[in-house]
Amino acid sequence: MKRVLVTGAGGFVGARIMAQLGGRLELIAAPAGALRSAGPEEVERLVEAVAPNAILHTAAISDTGYCQQHPEESRQANVELPVQLARAARRAGAKLVAFSSDQVYTGLEGPGPFDETVPLRPANIYGRHKREAEERVLEELDSAVLLRATWMYDLPGGGLPIRPNLPLNLLAAEKEGRRLAFSAADARGVTWVRQAVEHLLPALDWPGGVYNFGCESDGDMYATALDFCRLLGLDEPPVEKACWPRCLAMDGGKARRLGADFGGTAEGFARCLAAQNE
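All of these numbers come straight from a predicted model, not from anything done at the bench.

K.L.:
I tried to follow the packing of aromatic side chains on my own but got confused; where do I start?
P.N.:
How two aromatic rings sit relative to each other is given by the distance of their centres and the angle of their planes. The final tally for this structure, using the stated rule, is 8 aromatic pairs. With centroids separated by 5.5 Å and ring planes inclined at 80°, the aromatic side chains of Tyr 153 and Phe 269 adopt a geometry described as edge-to-face. Of the two residues, Tyr 153 is situated in strand β6 (residues 151-153) and Phe 269 in helix α11 (residues 265-276); the sequence distance between them amounts to 116 residues. Residue Tyr 153 is classed as buried on the basis of its relative accessible area, which comes to 0%. Among the residues examined, Phe 269 registers a relative accessible area of 0% and is labelled buried. Taking 4.2 Å as the distance between ring centres and 0° as the angle between the ring planes, the aromatic pair formed by Phe 228 and Phe 269 counts as stacked. Separated by 41 residues along the polypeptide, Phe 228 in helix α9 (residues 221-232) and Phe 269 in helix α11 bring together distant segments of the chain. Neither Phe 228 nor Phe 269 differs from the other in exposure class; each is buried. What links up through ring pairs into an aromatic cluster is the set Phe 99, Trp 206, Tyr 211, Phe 213 and Phe 262.

K.L.:
Can you walk me through the pairing of strand β3 (residues 54-57) in this structure?
P.N.:
Within a regular beta strand, the side chains point alternately toward one face of the sheet and then the other, so they alternate between its two faces. Where burial is concerned, the two faces of β3 agree: the one with Ala 54 and Leu 56 and the one with Ile 55 and His 57 are both buried. One ladder, built from 4 bridges, connects strand β1 (residues 3-7) with β3; its direction is parallel. For Leu 5, the partnering residue across the bridge sits in β3 and is Ile 55. One ladder, built from 4 bridges, connects β3 with strand β4 (residues 95-101); its direction is parallel. Bridge pairing in β4 places Ile 55 opposite Leu 96.

K.L.:
Explanation requested: the pattern of salt bridges in the structure shown.
P.N.:
Pairing is possible between side chains of opposite charge, provided their charged atoms come close. Across all of its chains, the model carries 22 salt bridges by this definition. Put simply, Arg 75 and Glu 132 hold a salt bridge, and the shortest N to O gap is 2.9 Å. With Arg 75 in helix α4 (residues 71-92) and Glu 132 in helix α5 (residues 125-140), this residue pair connects regions lying 57 residues apart in the sequence. Classification of Arg 75 by relative accessible area gives partly exposed; the value is 25%. On the basis of relative accessibility, which here comes to 22%, the residue Glu 132 falls in the partly exposed class. Residue Glu 80 pairs with Arg 136 through a salt bridge whose shortest N-O separation is 3.1 Å. On the criterion of sequence distance, the pair formed by Glu 80 in helix α4 and Arg 136 in helix α5 is long-range, its members being 56 residues apart.

K.L.:
So what exactly am I meant to see when it comes to empty space enclosed by the protein here?
P.N.:
Empty space among the atoms becomes apparent when a probe as large as a water molecule is rolled across them. Under the counting rule described, the total for this entry stands at 2 cavities of 30 Å³ or more. Volume-wise, the largest cavity comes out at about 80 Å³. Considering the residues around the largest cavity, the lining is formed by 14 residues, among which Asn 78, Pro 82, Phe 99, Lys 130 and Ala 133 are closest to the centre. Elements with a minimum of two residues in the lining of the largest cavity: α4, β4 and α5. In terms of residue count, α5 provides more of the lining of the largest cavity than any other element does, 4 residues in total. Residues belonging to the lining of the largest cavity are distributed by class as follows: 9 nonpolar, 3 polar and 2 charged.

K.L.:
I tried to follow the pairing of β1 on my own but got confused; where do I start?
P.N.:
Counting buried residues in β1 gives 4 out of 5 residues, a clear majority hidden from the surface. With 4 bridges connecting them, β1 and strand β2 (residues 26-29) associate as parallel partners. Looking across to β2, one finds that Leu 5 is bridged to Ile 28. Running through helix α1 (residues 12-21), the crossover from β1 to the neighbouring parallel element β2 is right-handed.

K.L.:
What is the right way to look at the side chain of Gln 20 in this model?
P.N.:
Position of Gln 20 among the secondary structure elements: in helix α1. Polar side-chain contacts of Gln 20 include one of 3.3 Å to the backbone oxygen of Arg 194. Leave out the neighbours within four places in its chain, and Gln 20 touches Arg 194, Val 197 and Glu 198.

K.L.:
Please clarify how the sheet that holds β3 should be interpreted in this entry.
P.N.:
Strands in a sheet are paired, the pairing made by backbone hydrogen bonds, and the direction either parallel or antiparallel. Read from one edge of the open sheet, 6 strands run β2-β1-β3-β4-β5-β10, paired in parallel fashion. Taken across any chain shown, the strands that pair with only one partner, and hence form the sheet edges, are β2 and β10 (209-213). Within the sheet, the average angular offset between the axes of one strand and its neighbour, ignoring direction, is 25°. Here strand β5 (residues 145-149) runs beside β10; their pairing, made up of 5 bridges, is parallel. Across the sheet, the residue bridging to Ala 149 is Phe 213, located in β10. The sheet contacts of α5 involve β4, β5 and β10, and relative to β4 the element is tilted by about 160°.

Conventions used here
Residues numbered from 1 in each chain as written. Predicted model: local features only at pLDDT ≥ 70, side-chain atom pairs only at ≥ 80, totals over all residues. Heavy atoms only, no water. Phe/Tyr/Trp six-rings, centres within 6.5 Å; stacked < 30°, edge-to-face > 60°. Helix = DSSP H or I, 4+ residues; strand = E, 2+ residues; numbered from the N terminus. Buried < 20%, exposed > 50% of the residue type's maximum accessible area, 1.4 Å probe, protein only. Pairing = 2+ DSSP bridges. Salt bridge = Lys/Arg side-chain N within 4 Å of Asp/Glu carboxyl O. 1 Å grid on protein atoms, 1.4 Å probe; cavity = no way out; pocket = protein on both sides within 12 Å on 5 of 7 lines; lining within 4 Å. Points joined across faces, edges and corners; volume = space filled by probe spheres on them. Nonpolar A, V, L, I, M, F, W, Y, C, P; charged D, E, K, R; others polar. Right-handed = clockwise from strand over helix to strand, strands pointing away. Polar contact = N/O pair within 3.5 Å; in protein donor to acceptor, adjacent residues only side chain to side chain. Contact = heavy atoms within 4.5 Å. Axes fitted to C-alpha atoms, helices over the stretch in contact; angles between N-to-C directions.

Next up, the structure:
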């Protein structure tokens, strides 16, 4: 059984890794907060002490607005820490699998979907830092796997941490009598986090590189929001159509050929609801 160090084990993704994969991997959680301000020596000591076969790095600052306002904090969490982990993993002979983001595709024009080879020019701090982290991590450790994740969601349950996401935002708006604007010129996949966690198992054995990792877009985000409302049984969808242009739609073919078939966005949400009702 692989011995795996998990960073961010108390977070949205990390807690689900601990809950879902504990019987199939020997999971060691990095101590809460231990890496928040850690330098290279502390990271090195942690990895040496755990002696993992692999590291699943989920810790990050993922709020794009916060990163925009606090670029130095973003750089430490989203660039320097993964680079330090790559160095420590190389010295320990460990595989590194780290989360990147579909935000690296911000600023691109065209309809998409984009594959991993398209030239990038991220339009926000978070996307720029994630792209820089990809490049620098692979310079340190060419066997590292960087997963460009979509926006992820889950429904409450199992005592696991939850955060605002598409279905919860829709349910809250319907309950409070508010309406949410979604753009018919914004394309993006949205992924059930438990699917992403399940597909981490094959990702631990993938060749080094970057991978689009998540559900492929079914169309624009206005249509996606309506699909989610339909599946949630909301007779009067609390959504309104807007029109701001953006495309984060990813081509998932590279990951799919290696065993990570997410399917479409609405299909993934239907699976989420089915699991909730089991």
